[in-house]
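# Observations on chain architecture
Chain by chain, the residues:
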Amino acid sequence: MVIKKEIGNLQKKTLANSGIVIQDLKESNEFLNILFNQITSAIFMVDKDVRIQSFNDSFKTLFDATDEITLGKICGNALGCINVAESNADCGTTKNCEECQLRLSMLTSFLKKIPTDKSLLTREFIINEIRILKYLQFSTRYIHFNNQEMVIIIVDDVTDNEIFKIELENKNKKLLELNQQKNELLGVAAHDIRNPLGVISSFSEIMVEAVDELQPDNLKEMLGIIYKTSRFALHLLDDILDYSKIESGILELKIEKTDYVALVQENVSRNEFLSIQKSIPIEFTYSSANIIAEIDPKKIDQVLNNLIGNAIKFSFPGNSIKVNIIEEKDYIITSIEDQGQGIPEKDIPHLFEPFRQTSIKSTNHEKGSGLGLAIVKKIIDGHNGRLVVSSKQGEGSIFSFYLPKH
Ligand SMILES: Nc1ncnc2c1ncn2[C@@H]1O[C@H](COP(=O)(O)OP(=O)(O)O)[C@@H](O)[C@H]1O
Ligand SMILES: [Mg+2]
């Protein structure tokens, strides 16, 4: 396209060293043509029917345009606007055209003979048969030239910037969320750890003040409470430390080839000490005695402890527990099934959130932090495995975890 000179009233400025003035250059078609085609903004010009009459090199690059498929075409048809492509209609006639900012700006420029300021157009285009989302910043300028009215549209592709901005906003949002979560966690952790410390403090205070008057039996009982409560506090602290370590991304897995049945058997035997006291037998079955798993045995032991521990904790005397291993082609599936109280349906989606305890309480006043299942989930995720719960209130629960074989 050839732009004819347009003489403004701008002050004449001398270009350093050259002796040429900008004003002179503005009158040079060659200079204007260089500017037009070298500028990084895409520029195109439309007539009153919003048919494209000319465009520059940057426009060609942005929309992969050629003279044949672009010149004389209605704007949206030429650009590959998704609204046009999807409705198989012409630009200006689809149901979305009335709200198209680009169209509105062009028409405003024609109607009022005024420029429009920078606006952002977020739109998908079909370019070379590929659907691409673009963020385009554009402004329009009205010109009256050789008895013809035209609007020039100047477009800058700001897709990269916008995507970067959106990603940054999302990251900031995530950081704020995480920070809030961390504060909540800290609040709950501090609160939970305060209770046992309070008990220990009160009992030891009594003992210090009345040590001479207390009977050996009372002393023993109080020491027993202090011992049990401090064990619980330690346990809780371990869970909190474990969880926060995993949360901050430090889940160090020491993967080893492990005799899986032996690992589970040992865990079941340890837990049977507890379960027998509650008259809850554990039945252990497996599809094959030789199952080699590539896992972190200590971490999976922690998982089993939590799940079997819960099964005992939330079952009544006389209920039984089944632990079963099935070896499949790609997975080793371990399930822990109890006939206990089950879990209300509404609580199931939140079971793995930290400090989340449900209305289902332990059957023998066993204490808990609500961190066990959150830790279990992190460890199984760390193994690229899957954790599945099925539970019915009043009937019992099955927690199954799938460990990939490689
Ligand atoms: N096998 C189960 N049967 C019934 N309820 C369960 C079972 N396992 C977990 N729950 C419920 O989920 C909650 C969270 O479990 P968990 O994270 O292990 O915390 P904790 O055992 O410390 O309470 C428990 O407090 C309990 O309400
Ligand atoms: Mg638990």
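### Here's the deal with the domain arrangement of the chain
How big an interface is tends to be stated in terms of accessible area lost as the parts join. Along its sequence, the chain is carved into domain 1 (39-157), domain 2 (185-247) and domain 3 (256-404). A C-alpha centroid distance of 27 Å is found between domain 2 and domain 3. Each partner contributes residues to the interface: domain 2 has 12 residues there, and domain 3 has 11 residues. With both sides pooled, the region where domain 2 packs onto domain 3 buries about 1000 Å², and carbon together with sulfur makes up 77% of that total. Among the residues domain 2 hides against domain 3, the three largest losses belong to Phe 232, Tyr 243 and Ile 246. Together they make up 47% of the total.

### Topic: the sheet that holds strand β10 (residues 331-338)
Taken in spatial order, the five strands make up an open sheet running β7-β9-β10-β12-β11, and their pairing is mixed. Unpaired on one side and paired on the other, β7 (282-286) and β11 (386-392) mark the two borders of the sheet. Pairwise comparison of adjacent strand axes, ignoring direction, gives a mean angle of 10° for this sheet. Taken together, the seven bridges between strand β9 (residues 321-327) and β10 define a ladder with antiparallel strand orientation.

### Re the sheet that holds strand β3 (residues 116-127)
A sheet is described by the order of its strands in space; here five strands give the open sequence β2-β1-β5-β4-β3, paired in antiparallel fashion. What marks the edges here is a single partner per strand, and that holds for β2 (52-55) and β3. Each adjacent strand pair in this sheet contributes to an overall mean axis angle of 30°, direction not counted. Looking at chain direction, strand β1 (residues 42-46) and β2 are connected through three bridges and run antiparallel. By the bridge assignment for β2, Phe 44 is matched with Phe 55.

Each value, and the rule that gives it
- Residues numbered from 1 in each chain as written.
- Chains lettered and ligands numbered in written order.
- Predicted model: local features only at pLDDT ≥ 70, side-chain atom pairs only at ≥ 80, totals over all residues.
- Heavy atoms only, no water.
- Domains from an automatic or database assignment.
- Contact = heavy atoms within 4.5 Å.
- Buried area = accessible area lost by both parts, 1.4 Å probe.
- Pairing = 2+ DSSP bridges.
- Helix = DSSP H or I, 4+ residues; strand = E, 2+ residues; numbered from the N terminus.
- Axes fitted to C-alpha atoms, helices over the stretch in contact; angles between N-to-C directions.

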